[in-house]
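Observations on the model geometry
Listed below, chain by chain, are the residues.
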Amino acid sequence: MLEMPEAMTIARQMQDTLTGKTIQHFARGSLVHKFLWLSKTAEEYDTILSGKEITGADSYGRSIYLYVGEAHLLWFGELGGRILYHLQEEPLPAKFHLRWDFSDASAMTFNLQMWGFVSLLERSELAKHPYAEVGIPPLSDRFTYDCFNQLLEEYPEKTKKGIKGFMVTSKHINGIGNGYLQDILFGAKIHPARKIPTLTSDERRRLYTAIQDTMIEAIKLGGREDERDLFDQPGGYHRFMSNQTVGSPCPNCGTIIQKMSYLGGACYLCPTCQV
Ligand SMILES: [Zn+2]
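Structure report, in brief. (Residues numbered from 1 in each chain as written. Predicted model: local features only at pLDDT ≥ 70, side-chain atom pairs only at ≥ 80, totals over all residues. Heavy atoms only, no water.)

1. Structural notes on the side chain of glutamate 227
Quick note on the threshold: Runs of E in the DSSP output that reach at least two residues are strands. Runs of H or I that reach at least four are helices, and both are numbered from the N terminus. Exposed residues in this analysis have more than 50% of their type's maximum accessible area, buried residues have under 20%, and partly exposed residues fall in between, with area computed by a 1.4 Å probe over protein chains only. Pairs of N or O atoms are called polar contacts if they sit within 3.5 Å, as long as, within protein, a hydrogen donor faces a hydrogen acceptor (for residues adjacent in sequence, only side-chain-to-side-chain pairs).
By the secondary structure assignment, glutamate 227 is in the loop between α7 (201-220) and β10 (258-261). For glutamate 227, a relative accessible area of 7% gives the class buried. Among the polar contacts made by the side chain of glutamate 227, one reaches the main-chain amide nitrogen of methionine 1 at a distance of 3.3 Å. A polar contact is formed between the side chain of glutamate 227 and the side chain of arginine 224, at a distance of 3.0 Å.

Here's what the structure looks like:
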């Protein structure tokens, strides 16, 4: 799944590469995915998009916005997969779910993994959309330590679910999923199942700092090594705690890194460092 560093990387590349291009045609690919949601029919997408110019791109947490004409945008919501740009002479991938052709004969395809939505909205609709721009992106001006602490306190399931549940739900902090969560909790030395009321102020500070440090580093490196950017290049961020490092020694203490299933998805952790 794309998290904030990947969304920022792709949005920046879209801004630099796609701005000024005119969409000639939109279509679904040969692949069908029942967890890919569009906000209108593919024919309506084509009618609205065709002939319009890309006017820029931006991101918010885990979302990417591609602005089309003066009034519309494509909202790549919380999703996994590959959004890829193809030069004129490049062959398209064998399989994809969505396709945009540009008038200069370049193209963009999207191949969904897991689930996600690509909504076509008027810009004025975005502001009213119940799922748009919820939560606070880490590194934004609003994401101060006091704000973070307040979000922790207001988490309605703080006595039921561990810190993982809070961290990966975008309506609190918008930008972090199960990928970066592992390294953030490792950096903060906190176990994913710890309940918020048990976290000391020291631990909350460590968690806040680990969020900031991990996001800054991952943005600098263009995202995770197992995700791809607009040009099909992997990111440069190698996770300390992942399916690649499970069974290896913890870089801090040498304890073997463990995998555990918790709240719908695997966690990777050092059982000695993270308590
Ligand atoms: Zn350790």
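2. Some thoughts on the layout of surface pockets
For clarity, the threshold we go by: Method remark: on a 1 Å grid restricted to protein atoms, a set of points is classed as a cavity if a 1.4 Å probe fits but cannot get out and as a pocket if it is open with protein on both sides within 12 Å along at least five of seven lines; lining residues have an atom within 4 Å of a point. Grid points are joined across faces, edges and corners, and a volume is the space filled by probe spheres set on the points. Under this grouping Gly is polar, as are all residues other than the nonpolar Ala, Val, Leu, Ile, Met, Phe, Trp, Tyr, Cys and Pro and the charged Asp, Glu, Lys and Arg.
Size it by volume and the largest pocket reaches roughly 810 Å³. Together, 34 residues line the largest pocket, and Met1, Arg62, Met114, Trp115 and Asn178 are the ones closest to its centre. Listing elements by their share of the lining of the largest pocket, those giving two or more residues are β9 (116-122), α6 (178-188) and β11 (266-269). Broken down by element, the residue count for the lining of the largest pocket peaks at 3 residues, all from α6. For the lining of the largest pocket, a count of residues per class yields 12 nonpolar, 13 polar and 9 charged.

3. Observations concerning a nonpolar patch on the surface
The following threshold applies: Patch rule: a residue counts if its relative accessible area is over 30% and it has no salt bridge; like charges are joined within 9 Å, and nonpolar side chains (Val, Leu, Ile, Met, Phe, Trp, Tyr) within 5 Å. Using the Shrake-Rupley algorithm and a 1.4 Å probe, accessible areas are obtained, with residue cover drawn only from the displayed protein chains. In what follows, salt bridge is the name for a side-chain nitrogen of Lys or Arg lying within 4 Å of a carboxyl oxygen of Asp or Glu.
A grouping of Phe35, Trp37, Met114 and Trp115 is seen on the molecular surface, where their side chains present a nonpolar patch of about 440 Å² in accessible area. Within the fold, tryptophan 115 resides in the loop between β8 (107-113) and β9. For tryptophan 115, a relative accessible area of 41% gives the class partly exposed.

4. Some points on helix α1 (residues 4-18)
Structurally, the α-helix is built with 3.6 residues per turn, so residues lying three or four positions apart point the same way. We count it as follows: Multiplying one less than the number of residues by 1.5 Å gives the expected span of a helix.
Here α1 is 15 residues long and its end C-alpha atoms lie 20 Å apart, about the 21 Å a rise of 1.5 Å per residue gives. Looking at the residues trailing α1, positive phi occurs at glycine 20, about 95 degrees.

5. What about the sheet that holds strand β6 (residues 80-86)?
Rules: A pair of strands counts as paired when DSSP detects no fewer than two bridges linking them. Axis lines are fitted to C-alpha atoms, over the contacting stretch for helices. Their N-to-C directions set the angle, which ranges from 0 to 180 degrees. Every residue pair with non-hydrogen atoms within 4.5 Å of one another is taken to be in contact.
The 4 strands lie next to each other as β1-β7-β8-β6, forming an open sheet whose pairing is antiparallel. With one partner strand each, in any of the chains shown, β1 (23-28) and β6 form the two edges of the open sheet. For this sheet, the mean angle separating the axes of adjacent strands, direction not counted, is 15 degrees. Note: strand β7 (residues 98-102) against β8, 4 bridges, orientation antiparallel. Following the sheet pairing, leucine 98 is matched in β8 by phenylalanine 110. Contacts from α1 reach β6, β7 and β8, with the element oriented near 20 degrees to β6. Packing of helix α2 (residues 42-49) onto the sheet brings it into contact with β1 and β7, and relative to β1 it is tilted by some 175 degrees.

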